Amino acid sequence: MKIIYYSQSDDFIAKLVACLYLKESNINLSIDKVIEVSFIKQVFERGISSKGLIFLGKDKYNHDVLALDCQKQGEIIKRMLYGVKRVFKLEEKILFINTDKCINKSIKVGRYLSDIGLNSIGFFFIKSGIKRSYKEIIKLLNYTTKKVDS
């Protein structure tokens, strides 16, 4: 199975939630661990500036976990990937997880500040945004786990 996290407007949150899924599928993660600057830096280091479909690792079930930079083309890209799967008669299941509900103003401001080189201030806003979106992030992680287990 391929688990693809994507966002129509901000690929950072897709990468963040995918990394959280990978962490949570291997160890139990608390909110305090999630908002540590070192963890957010890890997400940045795992390809924050990379575009396209990025492989982030394998979960405990050996499923590939990826993040997709959609640039507001999410539905088109999903249809294309399903089409490729159908044309080449690929058997592997694809699970798409939309992370747009987790994006808030703090995360957007933090991303902008980080993009212009103000990383320490950007991290502060991103951490604040993650705290605000934590319930939505947990819902997505639970949804993913439920889908993978079924």
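Everything below is about the structure shown above.
Residues numbered from 1 in each chain as written. Predicted model: local features only at pLDDT ≥ 70, side-chain atom pairs only at ≥ 80, totals over all residues. Heavy atoms only, no water.

Trainee: For the pairing of strand S3 (residues 64-69), give the residues involved together with the corresponding values.
Mentor: Burial within S3 is extensive, with six of its six residues counted as buried. Burial along S3 is two-sided: the face carrying Asp 64, Leu 66 and Leu 68 and the face carrying Val 65, Ala 67 and Asp 69 are both buried. Note that strand S1 (residues 2-7) and S3 share six bridges and pair parallel. Each bridged residue has a counterpart across the sheet, and for Ile 4 the counterpart in S3 is Leu 66. With antiparallel pairing between neighbouring strands as the criterion, strand S2 (residues 53-58) and S3 make up a hairpin whose turn holds five residues, including Asn 62 at a positive phi of roughly 70°. (Buried < 20%, exposed > 50% of the residue type's maximum accessible area, 1.4 Å probe, protein only. Helix = DSSP H or I, 4+ residues; strand = E, 2+ residues; numbered from the N terminus. Pairing = 2+ DSSP bridges.)

Trainee: Describe the nonpolar core, listing the residues and the values that go with them.
Mentor: With 28 residues, the main nonpolar core has Ile 3, Tyr 5 and Val 17 as its most contacted residues. Sorting the residues of this core by element identifies S1, helix H1 (11-26), S2, S3, strand S4 (94-98) and helix H6 (119-149) as the ones contributing at least two each. Ranked by the residues each element gives to this core, the list is headed by H1, at 10 residues. Excluding its chain neighbours within four sequence positions, the residues that come into contact with Ile 3 are Tyr 21, Asp 59, His 63, Asp 64, Val 65, Leu 66, Leu 95, Ile 97, Thr 144 and Val 148. In this structure, Leu 66, Ile 77, Leu 81 and Ile 94 belong to the second largest nonpolar core, which totals nine residues. (Core = buried A, V, L, I, M, F, W, Y, C linked by side-chain atoms within 4.5 Å. Contact = heavy atoms within 4.5 Å.)

Trainee: Can you break down the packing of aromatic side chains residue by residue, with the values?
Mentor: Between two aromatic rings, the relevant description is the distance of the centres plus the angle of the planes. One pass over the structure, following the stated rule, counts three aromatic pairs. Aromatic pair Tyr 5 and Tyr 21: ring centres 6.2 Å apart, planes at 45°, arrangement tilted. Here Tyr 21 lies in helix H1 and Tyr 5 lies in strand S1, a separation of 16 residues in the sequence. Pairing Tyr 6 with Phe 96 gives two aromatic rings, centres 6.2 Å apart and planes at 80°, and the pair type is edge-to-face. With Tyr 6 in strand S1 and Phe 96 in strand S4, this pair connects stretches of sequence that are 90 residues apart. (Phe/Tyr/Trp six-rings, centres within 6.5 Å; stacked < 30°, edge-to-face > 60°.)

Trainee: Can you lay out the pattern of salt bridges for me, pointing to particular residues and giving the numbers?
Mentor: According to the stated counting rule, one finds four salt bridges in the structure shown. Linking Arg 111 and Asp 115 is a salt bridge whose minimum nitrogen-to-oxygen distance equals 3.6 Å. Residue Arg 111 and its partner Asp 115 are located together in helix H5 (residues 105-115), separated by four residues, close to a single helical turn. Using a relative accessible area of 55% as the deciding quantity, one classes Asp 115 as exposed. A cluster of three or more residues bridged by salt bridges with shared partners is formed by Lys 2, Lys 58 and Asp 64. (Salt bridge = Lys/Arg side-chain N within 4 Å of Asp/Glu carboxyl O.)

Trainee: Outline H5, listing residues and values.
Mentor: Residues of H5 that are buried: Ser 106, Ile 107, Gly 110, Arg 111, Leu 113 and Ser 114. The buried residues of H5 occupy an angular sector of 165° when projected down its axis, which confines them to one face. Of the exposed residues in H5, the ones pointing more than 90 degrees away from its buried face are Lys 105, Tyr 112 and Asp 115. Of the residues that open H5, the one with a side-chain oxygen 3.2 Å from the backbone nitrogen of Ser 106 is Asn 104. (Arc of directions from axis to C-beta. Polar contact = N/O pair within 3.5 Å; in protein donor to acceptor, adjacent residues only side chain to side chain.)

Note that every value here comes from positions in space, so none of it alone points to a role or purpose.
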